[in-house]
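# Structural overview for review
Spelled out, the chains give:
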Amino acid sequence: MRHILFLAWRYLAYHPVTTAILVGAVTLIAYLPMGLNILIARGADDLTSRAESTPLILGAKGSPLELVLRTLYFESAIPEGVPFGETGRDELLELARAVPIDARFRTRFSPIVGTTIDYFEFRNLRVASGRWFAMLGECVLGSEAARIAEAGPGDAILSASESVFDLAGVYPLRMRVAGVLEPSGTPDDRAVFVDIKTAWVIAGWAHGHAPLDGAASAETILRRDDREITANAAVAQYNEVTPGNVGQFHFHGDQNTFPVTAILVVPTDGKAATILEGRYVGADRPIQMVRPQVVIGELIGTVFTVRRYVVMALTVVGGATGLTMALVFALSWQLRRREFETIGKIGGTRRRIGLLAAAEILGVVIAGAVLAGLLVALTDGIAGWAARWLVRLA
Amino acid sequence: MIHIEGVEFTYPGHAFRLRVPRMRVGAGERVAIVGPSGSGKTTLLHLIAGILVPGSGDVSVGGSSLPSMRETARRAFRLRAMGLVFQEFELIEHLNVLENILLPCRISPAVRLTPGHRERARSLARDMGIERELNRYVRRLSQGERQRVAMCRALVLEPPLLLCDEPTGNLDPVTKEHVLDGLFAQVARGHTTLVAVTHDHGLLSRFDATIDFTALQTGGAP
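These figures come from a predicted structure and were not determined experimentally.

### A few points about the sheet that holds strand E5 (residues 64-65) of chain B
Pairing within the open sheet is antiparallel, and its 4 strands lie in the order E2-E1-E4-E5 (chain B). For this open sheet the edge positions go to strand E2 (17-25) and E5 of chain B, each flanked by a neighbour on one side alone.

### A few points about the packing of aromatic side chains
To describe a pair of aromatic rings, you give the distance between the ring centres and the angle between the ring planes. One pass over the full model with this rule turns up 13 aromatic pairs over all chains. Aromatic side chains tyrosine 119 of chain A and phenylalanine 193 of chain A sit 5.4 Å apart centroid to centroid with 35° between the ring planes, which places their arrangement in the tilted category. Of this pair, tyrosine 119 of chain A sits in helix H5 (residues 117-122) while phenylalanine 193 of chain A sits in strand E9 (residues 192-195), and the two are 74 residues apart along the sequence. Taken together, a centroid distance of 4.8 Å and an interplanar angle of 85° make the contact between phenylalanine 9 of chain B and tyrosine 11 of chain B edge-to-face. The exposure class assigned to phenylalanine 9 of chain B is buried, which follows from its relative accessible area of 6%.

### Structural notes on the confidence of the model for chain B
When pLDDT is averaged along chain B, the result is 89; 98% of the residues meet or exceed 70. For chain B, helix H7 (residues 213-217) of chain B is the element with the lowest average pLDDT, namely 81, and helix H3 (residues 97-101) of chain B is the one with the highest, namely 95.

### Examining the interface of chain A and chain B
Across the boundary between the two partners, chain A contributes 21 residues, which contact 27 residues of chain B. Across the contact surface, chain A and chain B share 2 salt bridges. A salt bridge links arginine 10 of chain A to glutamate 99 of chain B; its shortest N-O distance comes to 3.0 Å. The interface formed by chain A and chain B holds 11 residue pairs in polar contact (both at pLDDT 80 or more) in total. Elements with a minimum of two residues in the side of chain A that touches chain B: helix H1 (2-14), helix H10 (337-346) and helix H11 (350-381) of chain A. Broken down by class, the residue content of the side of chain A that touches chain B amounts to 7 nonpolar, 6 polar and 8 charged.

Cut-offs and rules
Residues numbered from 1 in each chain as written. Chains lettered and ligands numbered in written order. Predicted model: local features only at pLDDT ≥ 70, side-chain atom pairs only at ≥ 80, totals over all residues. Heavy atoms only, no water. Pairing = 2+ DSSP bridges. Helix = DSSP H or I, 4+ residues; strand = E, 2+ residues; numbered from the N terminus. Phe/Tyr/Trp six-rings, centres within 6.5 Å; stacked < 30°, edge-to-face > 60°. Buried < 20%, exposed > 50% of the residue type's maximum accessible area, 1.4 Å probe, protein only. pLDDT = per-residue confidence, 0-100. Contact = heavy atoms within 4.5 Å. Salt bridge = Lys/Arg side-chain N within 4 Å of Asp/Glu carboxyl O. Polar contact = N/O pair within 3.5 Å; in protein donor to acceptor, adjacent residues only side chain to side chain. Nonpolar A, V, L, I, M, F, W, Y, C, P; charged D, E, K, R; others polar.

This is how it looks when you write it as structure tokens:
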């Protein structure tokens, strides 16, 4: 048998381009359905487990899916905000804990999540180094966010500029890193967490006033008299809350009206959850309460339906590719008929000639299957991204 | 070595008819078969090799009757007892020279490839003057080199009988002489029986006997 394999190998190696195309076709036929199944299955698992760990979400009326995805994954479209004041309503607090989430902003690489310390307790997140945020302008990095930003406690990171060409717009906020979280294997690893009020500073609802009476600001002063100091129009590249200016920061307007992306609702028990859902079904305000598990279940159902059609299409394409490959081999054997006849004339057995032809097909199929297996293993390794991929797809 | 008795052969659906009443070739003899094109000389070689089976009559090689053997046995017998050199060489394009020479050792369970075969292949290549080409693909070789590779392949299993179809038909005169020198040296060394079909009457002096194919068909040859 080794001689047959040797001769088959020599033929395939002599035609590297043809062989590579055939192996590639087998690889794709085998890999695409398996890879898709793995990605969707792992993605669905991740989505489901995140959704199952989040009992209820309160948000503005609109797409429940966008609300859930933004609240759980900090991805997808930004839904309408819900007033922060909803977190303090008696009808909610008597049956549940309320944790605000403001997930509208980003650093260059990671989403910024404005929340309260309760969020970390609810998600069972722990600080690996440093401490929790304690002051306006401080942040805590998820483990992945810290790795990407190459930042740790004591460093500073900037929020992304929201309006680069709008000089009157909100400037990025330079945030000091107070701590880095332990890895949790969830979207929290990729987030930058700040206090909800820091998120409002990023939104521009709070601001400070640069002190002009110090020596450091002498270069910016155009005119000074007893009543008034006039500074030049130099544009600050970013805002920063420091121990020196934190006292200057203040909010304009009623904080209860400031919108947050959503409110995580943690009911005391199942009965409380049901009662709360009932209360918010007919609410007289443009708000909705959703069960992430139900919303994600519907999404996964849709994805699975799409997967079925995609796999069906892939099966048809795979069948057509298989037939094309069979045709390629048949034509190849036709062209090589004289070669096989020569082997027969020399004394080669029919069985060996048949095995030789089969071994060439087998070689291509095995090489394709091995490559597909490697790709499947690779896909399995990166399937952690699948949930994000599904979220973006949604 | 070769006994042919009352052989008749026709290709299905063709009017061509080959009739060989009697033919004898002794062991170690070197015999040339000459005759006009299309008269059936190659068909006769194929009958002797057992590639074709006669409709009637008997072809025996070394005392073994080929028509009475089953197809598989006949192939195994041919592999062990005969070397074939084809007019168009029939080398395998995707194998290098050494692999082409060793091809008979890989195509049947009747023969096992051994280090001895490899040494024999190298020795033949050296004798034929192609030892430097062993690792080259055959498409890079000249016609003369290809012919020598085909001869090495036919001789690698040291067959007692060598059948050559127009062994120099595609060669220029100088190359032809080199190739024939190599071939006859090997045949002499191995006491191999040689039957060659040729159009080239200039070669006949190298053979022990010449069979006129036309006369053979009328019973006028040995």
